[in-house]
Amino acid sequence: MPLQDWIHHWEVGGGARFIKATAAVLGFIAIAGLYDLLDYQGFANEEAMETAQLAHNLSQGEGFTTKTVRPLSIYLLGGKAPQEALPDVTNPPVYPYLLAGLMRMLPMSFTATQYWAYQPERWIAVFNQALFFAAIVILFLIAQRQFDDRVAWLSALLFAGTGLFWKFSASGLSTIWVTVVFLAMFLCVARISEGTDANRPPVGWSGLAGALAGIGGLSRYAFAWMIVPVLFFLALGGRGLRGKHCAAAALCFVIVMGPWVARNIALTETPFGTSGYTVIEGTPPLEGDSLERSLDPRAAFRRVEVMDVIDKFLANGRDLWQRDLPRFGGNWVTAFFLVGLLMPFQNPARGRLRLFLLGSIVLMFIVQALGQTHLAQDSPEINSENLLVLLAPLTFIYGAALFYTLMDQLNLVTMDARGAIIGIFLIVMSAPLLLSLAIAPPPDRNNPYSPLHIQRIARLMQAGELMMSDIPAAVAWYGNRECWWLALDDDREFFKINELRKVHTVFLTQRTTDDRFLSLSAKPKSWGELFLQCEAHQEVAGNGEVPSGFPLTNAPSGFLPDQLLLSDQVRWGLSAQAEK
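Since the structure is predicted, the reported quantities are computational estimates derived from the model, not experimental observations.

(A) Region of the structure containing the overall build of the protein. Counting its regular elements, the protein contains 26 helices and seven strands. Residue pairs in contact within the protein that sit at least 24 positions apart in sequence constitute 70% of those at least 6 positions apart. When the accessible surface of the protein is totalled, it reaches about 26300 Å², and 62% of it is carbon and sulfur.

Pasting the structure below:
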């Protein structure tokens, strides 16, 4: 190769692209390493723990079964306590199967050795960060096809510098995976939009878009609604193949979703199990998590009215409009996207895709407002019900395009000035991530999710014995023990469950002892009242026994005032203080 060609290859040719790609990969790995070292604190979300324990069961050959038992699941499964492993009828299957494959491939140790760290969770975080990088690559490809290399690189860098997505990558939730699926689906839609009457796009792209919508729906049920904007986009496209494109997308969507929906109907007579009731969760008859903790919710169902659902939508929609929507992308780039809606595109394909994105945002806004439950209250930002965040990466593309449009009007002569403005823009947009790395928050010592502590408590149980807790997913994930959700009260609802299957231990944590309902402990037969009675009895008697009237009469000392462990017999050889 002549010297001139060699120089050209490494300056502007394939060699230059290779250098940029290598630098991008190494830069991402460096940021991921810093984030995991400085800001990672393990799972703090029951949803992530529940998904992880499902994956663990799958990896052990136990099928799609769960050790986290909702009373509502028992109701939907016929009202009888299962004699074998309980099939999960709450969670979609794709993400747990991905994690199960990860658990089979990697050397994971499920024995906790530290109070606030758990080795499998770090592997899951690394896996999600690899998915995050894949999402960045897909976003780059979309921006490159729709605009140019400048917009592509800026969009990718803005996405990679958004602290919100790094939080999701370490949360253990399926958000990053579903984001990858959405971006891949949008890439298919973008390829279809490029077609003309003379060069019609293959029907296969529409089928793939429908299949990806189905895969997203099997990763997060609410995402299945995305088939609606896909079909609308195809129906309003170019003439000639509208019917074939819509039919291909719908058929592939049904093929992907159908078997799992049929499985749920066969088990529970509902297409999505307990998740199908999210619309009425949080209404006045079913506040908080009372529905999932109900063994027989029929009376509550009868009290739910249409206006209750409308009021829920209006209240949640107001909060989303005022608080979440202006910053749903995790930084201020969303503002550039919103302003850019007023600017027309000369390329009609870009305009159609922007309308597709805008329609998707409106749809997900409605679905999120209707489907919010206590999960959004427990963790307002990092939760699986945050649907708008799935669409946020695409707003970075249009925000970056508007940024370059405005910068080009400044008529900057030197490249140094342009580079300085771009650098300042990136630093400002990435400030939350940079600050979180510079000032890492200390671990929350009042966090109830201590892997080592929970495993020690779980080891007190024999095989087949039943535990009930306010952190059932944590007990199932860390302790590998079957655990029921806490009954609605310690009287009638508790004894209903106890009749179905004997409860041997109740474990209450800071989720209960720190909750505001302790101020309402005057309510008879509440867990708050029982907790305060146990605390008062221990202070007087000093022997850790439980006041009469409750079947679990043994309580070790040392747990109060933060936690409470009640058991049917003395199981502990060490004091709870030593356990802690």
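From this point, the narrative continues.
(B) Representation of the sheet that holds strand β6 (residues 503-508) in the model. Spatial strand order, β2-β5-β4-β6-β7: five strands in an open sheet with mixed pairing. At either margin of the open sheet sits one strand with a lone partner, and together these are β2 (68-69) and β7 (564-567). Across four bridges, the pairing between strand β4 (residues 466-469) and β6 is parallel. Across the sheet, the residue bridging to L466 is V503, located in β6.

(C) The arrangement of the packing of aromatic side chains in detail. In this structure the tally under the stated criterion is 30 aromatic pairs. Ring geometry for Y35 versus W166: centroids 5.6 Å apart, planes at 35°, classification tilted. Of this pair, Y35 sits in helix α2 (residues 14-38) while W166 is found in helix α8 (residues 163-171), placing the two residues 131 residues apart along the sequence. Considered together, Y35 and W166 belong to a single accessibility category, that of buried residues. Note that R150 overlies the ring of Y404, its terminal NZ or CZ placed 4.3 Å from the centroid.

(D) Representation of the side chain of S436. With respect to the helices and strands, S436 occurs in helix α20 (residues 431-438). By relative accessible area, S436 is classed as buried at 17%. A polar atom in the side chain of S436 sits 2.7 Å from the backbone oxygen of L433.

(E) Structural detail: the pattern of salt bridges. Summed over the entire model, instances satisfying the criterion amount to 14 salt bridges. As a salt-bridge pair, R298 and D296 come within 2.7 Å of each other at their nearest N and O atoms. A salt bridge links R501 to E482; the shortest N-O distance between them is 2.8 Å. You can see R501 sitting in the loop between α23 (492-500) and β6 and its partner E482 sitting in the loop between α22 (472-479) and β5 (483-485), a full 19 residues away along the chain. An identical accessibility class is assigned to R501 and E482; each is buried. One network of salt bridges, in which partners are shared, links D148, R150, D408 and R418.

(F) Focus on the environment of I471. Turning to its location among the elements, I471 is positioned in the loop between β4 and α22. Sequence separation of I471 and T68 is 403 residues, and the distance between their C-alpha atoms is 9.4 Å.

(G) Structural context of the pairing of β6. Judged by how many residues are buried, β6 sits mostly within the fold: six of six residues are covered. Here β6 runs beside β7; their pairing, made up of four bridges, is antiparallel. Bridge assignment links T505 to a residue of β7, and that residue is S567.

(H) Representation of helix α18 (residues 388-408) in the model. With 21 residues, α18 should reach 30 Å at 1.5 Å per residue; the first-to-last C-alpha distance of 31 Å fits that figure. When the local axis directions of α18 are compared, the greatest deviation, roughly 35°, occurs at L394.

(I) Highlighting a nonpolar patch on the surface. Taken together, the side chains of W225, V228, F232 and L236 present a nonpolar region at the surface, about 450 Å² in accessible area. Following the sequence through the fold, F232 ends up in helix α11 (residues 227-235).

(J) Geometry of the environment of D444. Tracing the chain through its elements places D444 in the loop between α20 and α21 (451-458). Here the alpha-carbon distance between D444 and Q41, two residues 403 residues apart in the chain, equals 9.0 Å. For D444, the contacting residues outside a window of four places in its chain are Q41 and W116.

(K) The arrangement of the side chain of S174 in detail. The residue S174 is located in the loop between α8 and α9 (175-193) in this model. Take S174: its relative accessible area is 9%, and that puts it in the buried class.

Definitions and cut-offs
- Residues numbered from 1 in each chain as written.
- Predicted model: local features only at pLDDT ≥ 70, side-chain atom pairs only at ≥ 80, totals over all residues.
- Heavy atoms only, no water.
- Helix = DSSP H or I, 4+ residues; strand = E, 2+ residues; numbered from the N terminus.
- Contact = heavy atoms within 4.5 Å.
- Areas by Shrake-Rupley, 256 points an atom, 1.4 Å probe, with all protein chains shown as cover.
- Pairing = 2+ DSSP bridges.
- Phe/Tyr/Trp six-rings, centres within 6.5 Å; stacked < 30°, edge-to-face > 60°.
- Buried < 20%, exposed > 50% of the residue type's maximum accessible area, 1.4 Å probe, protein only.
- Lys NZ or Arg CZ within 6 Å of the ring centre and 35° of its normal.
- Polar contact = N/O pair within 3.5 Å; in protein donor to acceptor, adjacent residues only side chain to side chain.
- Salt bridge = Lys/Arg side-chain N within 4 Å of Asp/Glu carboxyl O.
- Expected span 1.5 Å × (residues − 1).
- Bend = angle between axes of the 7 residues up to and from the residue.
- Patch = residues over 30% accessible without salt bridge, like charges linked within 9 Å, V, L, I, M, F, W, Y side chains within 5 Å.

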